[in-house]
Amino acid sequence: MKRMMEDFLERSGACEVSRMSYRRDLEKLFSYFENAPEKANAKSLEIYFTHLGERFSPTSLTRHVSVVRSFYKYLLEKGVIEEDPVRDLRAASFCQKKE
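As the structure is a prediction and not an experimental result, all values here were calculated from the model.

Rules used in this analysis
Residues numbered from 1 in each chain as written. Predicted model: local features only at pLDDT ≥ 70, side-chain atom pairs only at ≥ 80, totals over all residues. Heavy atoms only, no water. Core = buried A, V, L, I, M, F, W, Y, C linked by side-chain atoms within 4.5 Å. Buried < 20%, exposed > 50% of the residue type's maximum accessible area, 1.4 Å probe, protein only. Helix = DSSP H or I, 4+ residues; strand = E, 2+ residues; numbered from the N terminus. Contact = heavy atoms within 4.5 Å. Salt bridge = Lys/Arg side-chain N within 4 Å of Asp/Glu carboxyl O. Expected span 1.5 Å × (residues − 1). Phe/Tyr/Trp six-rings, centres within 6.5 Å; stacked < 30°, edge-to-face > 60°. Axes fitted to C-alpha atoms, helices over the stretch in contact; angles between N-to-C directions. Parallel < 35°, antiparallel > 145°, perpendicular 65-115°, else oblique. Nonpolar A, V, L, I, M, F, W, Y, C, P; charged D, E, K, R; others polar.

### Quick look at the nonpolar core
With 24 residues, the main nonpolar core has L26, L29, L45, F49, F71 and Y72 as its most contacted residues. Mapped onto this core, the elements with two or more residues apiece are α1 (2-11), α2 (16-32), α3 (42-53) and α4 (58-77). Ranked by residue count, the leading element in this core is α4, at eight residues. In this structure, L29 is in contact with P37, L45, Y48, V68, F71 and Y72, ignoring residues within four places of it in sequence.

### Let's talk about the pattern of salt bridges
One pass over the full model with this rule turns up five salt bridges. Taking the shortest distance from any N to any O, the salt bridge between E6 and R23 comes out at 2.8 Å. In this pair, E6 sits in helix α1 while R23 sits in helix α2, placing the two residues 17 residues apart along the sequence. Take E6: its relative accessible area is 31%, and that puts it in the partly exposed class. Of the charged contacts in the structure, one is a salt bridge between E16 and R19, with a shortest N-O distance of 2.4 Å. With a gap of three residues between them, E16 and R19 both fall in helix α2, about one helical turn apart. Among the residues examined, E16 registers a relative accessible area of 42% and is labelled partly exposed.

### Notes on α2
For α2, with 17 residues, the first-to-last C-alpha span of 24 Å sits near the 24 Å given by 1.5 Å per residue. Every buried residue belonging to α2 is among R19, S21, D25, L26, L29 and F30, and all of these are buried.

### Examining the packing of aromatic side chains
Remark: the centre distance and the inter-plane angle together describe each pair of aromatic rings, the angle taken between the planes. One pass over the full model with this rule turns up nine aromatic pairs. Considering the side-chain rings of F8 and F71, the 5.4 Å spacing of their centres and the 75 degrees angle between planes classify their relative orientation as edge-to-face. Placement of F8 in helix α1 and of F71 in helix α4 is noted, with a sequence separation of 63 residues between them. Each member of the pair F8 and F71 is classed as buried. Aromatic side chains F71 and Y74 sit 6.3 Å apart centroid to centroid with 20 degrees between the ring planes, which places their arrangement in the stacked category. Taken as a pair, F71 and Y74 lie in helix α4 at a separation of three residues, close to a single helical turn.

### Observations concerning the packing of α1 against α4
Close contact between α1 and α4 brings their axes to 11 Å; oriented N to C, the two are set at 110 degrees. Judged by the inter-axis angle, α1 sits roughly perpendicular to α4. The segment α1 lies against α4, with M4, M5, D7, F8 and R11 engaging V67, S70, F71, Y74 and L75. By residue class, the composition of the contact of α1 with α4 is seven nonpolar, one polar and two charged.

What follows is the structure, encoded as structure tokens:
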């Protein structure tokens, strides 16, 4: 699966600095799902993003959700997953107000 991540990052067309940020975001995803993000479902991703929303700024969380969404779209296109678990999730719903 890590090879899939590297291929996704190479194909992203993003500059090196952006790819480094995307890699960090995806490594968080991999870590949370014990190196098996392909086994995640919409509910587990909702819990994951809610947890991140408690710590990330809205801008960082939005980028993270966007990268994860693109990665799952890539996995779907490659036939690794059969349906996109991120399809209906929106970053704004996970942002928590910081006090």
